[in-house]
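Commentary on secondary and tertiary structure
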Amino acid sequence: VGIYRKTGGITAKKSGEDFYFLQKLRKTGWICNHNTHKVYPAARFSDRVFFGTGPALIKGSKGDWSSYPIYPHGLFDQVKRSYELFGSLYKEEFDTPMTRFLRQQFSDRDPFMALRKNSTSREGFVTACHQKVDGLRVLQFLKSKHKEVDTSDEEHLVQFLYSLYDEPSLNGKPQGFSLPDLSSSVREQLSALSFSDSPVRFLDQIRYLLSDIETAYQKGDLP
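Residues numbered from 1 in each chain as written. Predicted model: local features only at pLDDT ≥ 70, side-chain atom pairs only at ≥ 80, totals over all residues. Heavy atoms only, no water.

1. Notes on unusual backbone geometry
Filter applied, for reference: Under the DSSP-based scheme used, a helix requires at least four consecutive residues in state H or I and a strand at least two consecutive residues in state E, with every element numbered from the N terminus.
Positioned with a positive phi, S107 is a non-glycine residue whose angle comes to about 50 degrees. Tracing the backbone through its elements, the reader meets S107 in the loop between α6 (99-106) and α7 (113-118).

Below, the structure written as structure tokens:
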């Protein structure tokens, strides 16, 4: 309750109020991403809000699924590398994979200069960088970079699976899930994956694997 009051509670918005509320909460500390219950929302058409699953389904029914693209996993590597460089940016200015995007967003040649001037320690500067380059900025970065690629969502998903989960272990550590968990016939069909034409049973097997991966990450996300 104290944190809710401190952040000002849920801000009234026409759409996405839950996203913005969670973003405010995350800037105050850790948020638990896992519990023992799963919710299965019903697919439904809705134009009550400007964006979200309801409007996305309406667009999807007309063949436009662009509201929720599958981003190339390499873009997340660029975000990770940028975050890893925050500490070094405290001492000097240099480009990170996200710098060009941030310059455009903030209309500032050095988006970190003000943070550098107002921080008395490296740790404080890194915290300020995380506050500035928040979840919304990361999402905007992914969307802007996604416009530059001409590969399909299916290709992005297959590349992601084979890049990270083609072996039972990663860096010598068991992952608990991997593509070998899928049958050989399903693995063969990955090369011809199509969200429009592939059998629903085949798509479900991939969906269940992705759900297991997400659940494992959530369970391992501890403060």
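Structure's up, so let's keep going.
2. Digging into the packing of aromatic side chains
Where we set the bar: What counts as a ring pair is set by centres within 6.5 Å for rings of Phe, Tyr and Trp (its six-membered ring), and what kind of pair is set by the plane angle: stacked under 30 degrees, edge-to-face over 60, tilted for all other angles. Only when the NZ atom of a Lys or the CZ atom of an Arg is both within 6 Å of the ring centre and within 35 degrees of the ring normal do we say a charge sits over the ring.
Under the definition given, this model contains 6 aromatic pairs. Seen in terms of ring centroids, Y4 and F21 are 5.5 Å apart; in terms of plane orientation they differ by 70 degrees. Their pairing is edge-to-face. On the criterion of sequence distance, the pair formed by Y4 in helix α1 (residues 2-7) and F21 in helix α2 (residues 17-26) is long-range, its members being 17 residues apart. Joined through ring pairs, the aromatic side chains of Y83, F86 and F112 make up one cluster. The residue whose ring lies beneath K13 is Y20, and the NZ or CZ to ring-centre distance is 4.6 Å. For the cation-ring pair, K132 lies above F106, with the distance from its terminal atom to the ring centre recorded as 4.4 Å.

3. Thoughts on the packing of helix α4 (residues 73-84) against helix α9 (residues 135-146)
So the rule is basically this: To get an axis, fit a line to the C-alpha atoms, keeping to the stretch in contact for a helix; angles then go from 0 to 180 degrees between the N-to-C directions. Under this scheme an angle from 65 to 115 degrees is roughly perpendicular, one under 35 degrees roughly parallel, and one over 145 degrees roughly antiparallel; angles in between are oblique. In a left-handed crossing the near helix is turned counterclockwise from the far helix by less than a right angle, and in a right-handed crossing that turn is clockwise. Contacts are assigned to residue pairs that have any heavy atoms within 4.5 Å of one another. Throughout this entry, Asp, Glu, Lys and Arg are counted as charged residues, while Ala, Val, Leu, Ile, Met, Phe, Trp, Tyr, Cys and Pro are counted as nonpolar. The remaining residues, Gly among them, count as polar.
One can describe the packing of α4 onto α9 by two numbers: an axis separation of 10 Å at closest approach and a directional angle of 135 degrees. As far as their axial angle goes, α9 and α4 are oblique. The way α4 lies across α9 gives a crossing that is right-handed. Along its contact with α4, which presents L75, F76, Q78, V79 and Y83, the element α9 presents V138, F141, L142, K145 and H146. Class assignment of the residues belonging to the contact of α4 with α9 gives a composition of 7 nonpolar, 2 polar and 1 charged.

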